Amino acid sequence: MLIGLLLALLAGSLVGLQNIFNSRVNERAGTWPTTTLVLGLGFLASFLIGLAIEGKRLFHLEHMEPWFWFSGIVGVGVVVCMVNGMKWLGPTYTISIVMCSQLFFALLWDSFGFLGLEVVPFTMKQLVGVLVIGSGILLFKFGGAREIRAAVASREEA
Amino acid sequence: MKGLLFAFMAGFFITLQGVANSRISEGIGTWQAATITQFTGFAAALLILLFVKEKRWRGFKEVKPIYLTSGALAAIIISSNMTAIHHVGVTLTVAAVLIAQLSLTFLVDINGWFGVIKQKMRLPQFIGIALMVIGIIILKF
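Residues numbered from 1 in each chain as written. Chains lettered and ligands numbered in written order. Predicted model: local features only at pLDDT ≥ 70, side-chain atom pairs only at ≥ 80, totals over all residues. Heavy atoms only, no water.

Details of the overall build of chain B
Scanning chain B for helices and strands turns up five helices and zero strands. At 18 Å, chain B has a C-alpha radius of gyration far larger than the 14 Å of a compact globule built from 141 residues. Along the first, second and third principal axes, the C-alpha atoms of chain B reach 45 × 45 × 35 Å. Across the 141 residues that make up chain B, the buried fraction comes to 54%. Contacts in chain B between residues at least 24 apart in sequence constitute 54% of all its contacts with a sequence separation of at least 6. Accessible surface, chain B as shown: approximately 6500 Å² in total, 71% of it carbon and sulfur. Both charge centroids of chain B, one from 12 positive and one from 4 negative side chains, sit 4 Å from each other. (Helix = DSSP H or I, 4+ residues; strand = E, 2+ residues; numbered from the N terminus. Rg over C-alpha atoms; globule rule 2.2 N^0.38 Å. Buried < 20%, exposed > 50% of the residue type's maximum accessible area, 1.4 Å probe, protein only. Contact = heavy atoms within 4.5 Å. Areas by Shrake-Rupley, 256 points an atom, 1.4 Å probe, with all protein chains shown as cover. Lys, Arg positive; Asp, Glu negative; His and termini not counted. Charge placed at Lys NZ, Arg CZ, Asp CG, Glu CD.)

Focus: the nonpolar core
Core analysis: the biggest nonpolar cluster contains 57 residues, and A:Leu103, A:Ile133, A:Ile137, B:Val90, B:Leu98, B:Met132 and B:Ile136 have the highest contact counts within it. Among the elements of the structure, helix 1 (2-29), helix 3 (74-112) and helix 4 (124-142) of chain A together with helix 1 (2-28), helix 4 (73-111) and helix 5 (123-140) of chain B are those that each provide at least two residues to this core. Residues within four places of B:Leu98 in sequence aside, it is in contact with A:Met99, A:Gln102, A:Leu103, A:Ile137 and B:Met132. By size, the runner-up hydrophobic cluster in this structure holds 13 residues, among which are A:Ala45, B:Ile28, B:Ala75 and B:Ile78. (Core = buried A, V, L, I, M, F, W, Y, C linked by side-chain atoms within 4.5 Å.)

Digging into the domain arrangement of chain A
Residues and elements named next belong to chain A. Along its sequence, chain A is carved into domain 1 (1-87) and domain 2 (90-158). Here domain 1 and domain 2 have C-alpha centroids that lie 20 Å from each other. Facing six residues of domain 1, the contacting portion of domain 2 comprises eight residues. Considering only the side of domain 1, the residues that lose the most area to domain 2 are Glu27, Met82 and Met86, jointly responsible for 66% of the buried surface there. For the interface between domain 1 and domain 2, the tally reads zero salt bridges. In this assembly, domain 1 and domain 2 are joined by three residue pairs in polar contact (both at pLDDT 80 or more). It is helix 3 that contributes the most residues to the side of domain 1 that touches domain 2, three residues altogether. When the residues that make up the side of domain 1 that touches domain 2 are grouped by side-chain class, the tally is three nonpolar, two polar and one charged. (Domains from an automatic or database assignment. Buried area = accessible area lost by both parts, 1.4 Å probe. Salt bridge = Lys/Arg side-chain N within 4 Å of Asp/Glu carboxyl O. Polar contact = N/O pair within 3.5 Å; in protein donor to acceptor, adjacent residues only side chain to side chain. Nonpolar A, V, L, I, M, F, W, Y, C, P; charged D, E, K, R; others polar.)

Details of the UniProt feature "transmembrane region" (unreviewed entry) in chain B
Residues annotated in UniProt with the feature "transmembrane region" (unreviewed entry) correspond here to residues 31-52, 64-82, 88-110 and 122-139 of chain B. Along residues 122-139 of chain B, the helical share is 94% and the strand share 0%, with 27 Å between the first and last C-alpha atoms. (UniProt positions renumbered as here; feature names shortened; annotations may be inferred.)

Details of the pattern of salt bridges
Side chains bearing opposite charge may pair, as long as their charged atoms lie close to each other. Counting across every chain of the model gives three salt bridges over all chains. Put simply, A:Arg24 and A:Glu27 hold a salt bridge, and the shortest N to O gap is 2.7 Å. In this pair, A:Arg24 and A:Glu27 both sit in helix 1, three residues apart, roughly one turn of the helix. The buried category is assigned to A:Arg24, whose relative accessible area is 15%. On the basis of relative accessibility, which here comes to 27%, the residue A:Glu27 falls in the partly exposed class. For B:Glu62, the salt bridge is made with A:Arg28, and the minimal N-O distance between the two is 3.8 Å. With B:Glu62 in the loop between helix 2 (30-51) and helix 3 (65-68) and A:Arg28 in helix 1, the pair connects residues from two separate chains. The exposure class of A:Arg28 is partly exposed, given its relative accessible area of 42%.

As structure tokens, then:
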């Protein structure tokens, strides 16, 4: 339980860091060169770490199913939607909606055991927890003080 | 309205990717899953890159080299995310990821790291993060 939470916190911090670095590259090189570079390096790093840890077993794909090959392409959907969301709404609104939507689908799929997930029964507690987190996100994003950055970022996007 | 739909779908895709990756790693292993999904994503992006008009390759040279390497972090992000979903489910994982993500952004903002415009600490952001932590506690306990 604790290890799961700690790993999620680690992942989230690195996502935050990656977003900042990527936006620096994006300003200069544009969306698709940046996306290609980021995914290419992600692949290379995963491959090398995998090779170091698993050795030859990295190439053993016994329980491979055809759809496994297509999951990575979802990442392209993420980029297209983010770029277009930012274009219409600017960063503050877009990121707030994206985060709330992430939480919404997480709760939905946990409740239904989507893709063979272990079902986490839907309770009032779950709903209240997610709503409180959602309001935290909105307060964080719209609680003033971040207007300057939002304005700068949207100019960078344009 | 259009923007709203795009943002909503972005959230859908991000969570979908987390769940799918976690499922794939159960089938073939964590590093195998991270390698394959990053590779197919890379191939798809490369294909799109070939068709878009604007290719600002030279832009890479204008960026500090350290910023170019952030893609490699994905190896740790993806493997941690998959393992977290196995341990605590999707909702808690996503919630914790978002808290850490916003906290880091906040830390960078108030310190003005990485060329970000420095900002003063404000109460709403602290309360926002506190609310998110309370939300996690409600979810789990």
